Amino acid sequence: QQQVKQSPQSLIVQKGGISIINCAYENTAFDYFPWYQQFPGKGPALLIAIRPDVSEKKEGRFTISFNKSAKQFSLHIMDSQPGDSATYFCAARNQGGKLIFGQGTELSVKP
Amino acid sequence: DVKVTQSSRYLVKRTGEKVFLECVQDMDHENMFWYRQDPGLGLRLIYFSYDVKMKEKGDIPEGYSVSREKKERFSLILESASTNQTSMYLCASSWLGEGGYTFGSGTRLTVV
């Protein structure tokens, strides 16, 4: 019930392509869904977040799509660049205010 | 610029040693967290604290303890380090009720 399942575990995309990372959850009480980006040697940093009353949120080349009925949400990176190569984590906030993280996706964008 | 600072980037300790990992935040956040990060397992919560001297167990507290004597400082203690505690340890903080966490840069601990 408290799990967030993330896929794929790793992803290779050509420069200029679209990167898509998916997450699924079971707990309908989750109320906040952030995505974090982590570069090697750094801690995760908040990238973009969405609340369940919104179906899509876009910030620059990054978009979250949220499907409440399917209990799924995804991150789309448009025009992917080598500088986007990083590990991405989805997360969901539970009733206790804690974030539950997915397993992470290692994205590599090839020039 | 807001910061979460972890005192060590890399640590090498021997099996059986008592290990202290320190974390300090300058944002006056109520909540502080300790996670460990392992490939394929994501971020797993060890302990968290929502106030000074308050602590709650996360998903994997065995072999760990914590201390929060001041609002800005949250320490993770490995009572008797073991090789299966070799990992990246991440500290984070947040406002009470606010979902966005600010993470430190992590401490990569190797237990030999």
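Heads up: the structure comes first, above all this text.
Residues numbered from 1 in each chain as written. Chains lettered and ligands numbered in written order. Predicted model: local features only at pLDDT ≥ 70, side-chain atom pairs only at ≥ 80, totals over all residues. Heavy atoms only, no water.

Peer 1: Can you help me understand the overall build of chain A in this one?
Peer 2: Counting secondary structure elements, chain A contains 0 helices and 11 strands. The C-alpha radius of gyration computed for chain A amounts to 13 Å, which stays within 12% of the reference 13 Å derived for 111 residues, consistent with globular compactness. A burial count over chain A gives 47% of its 111 residues as buried. Expressed as a percentage of contacts within chain A between residues at least 6 apart in sequence, the contacts between residues at least 24 apart total 53%. (Helix = DSSP H or I, 4+ residues; strand = E, 2+ residues; numbered from the N terminus. Rg over C-alpha atoms; globule rule 2.2 N^0.38 Å. Buried < 20%, exposed > 50% of the residue type's maximum accessible area, 1.4 Å probe, protein only. Contact = heavy atoms within 4.5 Å.)

Peer 1: Is there a simple way to explain the sheet that holds strand β3 (residues 19-25) of chain B in this structure?
Peer 2: Sheet strands line up and pair through hydrogen bonds in the backbone, either parallel or antiparallel. Residue and element names in this part refer to chain B. In space, the 4 strands of this open sheet follow the order β1-β3-β8-β7, with antiparallel pairing throughout. Only two strands of the sheet have a single neighbouring strand rather than two, namely β1 (4-6) and β7 (64-70). Adjacent strand axes in the sheet meet at a mean angle of 20° when their direction is disregarded. Of the pairings in the sheet, the one linking β3 to strand β8 (residues 73-78) comprises 6 bridges and is antiparallel in character. Within β8, the position partnered with V19 by the bridge is L78. (Pairing = 2+ DSSP bridges. Axes fitted to C-alpha atoms, helices over the stretch in contact; angles between N-to-C directions.)

Peer 1: Sorry if this is basic, but what is going on with the side chain of S94 of chain B here?
Peer 2: All names here are of chain B. For S94, the location among the structural elements is in strand β9 (residues 87-94). Accessibility expressed as a relative area gives 0% for S94, which makes it buried. In contact with S94, other than residues within four places in its own chain, are H29, E30, N31, F33, G100 and Y101.

Peer 1: What am I meant to see in the sheet that holds strand β3 (residues 19-25) of chain A here?
Peer 2: All names here are of chain A. One open sheet holds the 5 strands; their spatial order is β1-β3-β8-β7-β6, and the pairing between them is antiparallel. Of all the strands in the sheet, just β1 (4-7) and β6 (56-59) have a single pairing partner and so form its edges. Neighbour to neighbour, the strand axes of the sheet diverge by 15° on average, direction disregarded.

Peer 1: Quick question: what am I supposed to make of the pairing of β3 of chain A here?
Peer 2: Consecutive residues of a regular strand have side chains that alternate between opposite faces of the sheet. All names here are of chain A. Here β3 shows one buried face, formed by S19, I21, C23 and Y25, and one open face, formed by I20, N22 and A24. Where β1 lies against β3, 4 bridges are found, and the strand directions are antiparallel. Paired with Q6 across the two strands is C23, which belongs to β3.

Peer 1: Whenever I open this one, the interface of chain A and chain B confuses me. Can you help?
Peer 2: How big an interface is tends to be expressed through the accessible area that disappears when the partners come together. At the junction of the two partners, chain A supplies 16 residues and chain B supplies 19 residues. The contact between chain A and chain B buries some 1,400 Å² in all, and 55% of this surface belongs to carbon and sulfur atoms. Among the residues of chain A in contact with chain B, P44, K98 and F101 of chain A are the three that bury the most area, contributing 31% of the side total. Run the count over chain A and chain B and you get 0 salt bridges. (Buried area = accessible area lost by both parts, 1.4 Å probe. Salt bridge = Lys/Arg side-chain N within 4 Å of Asp/Glu carboxyl O.)

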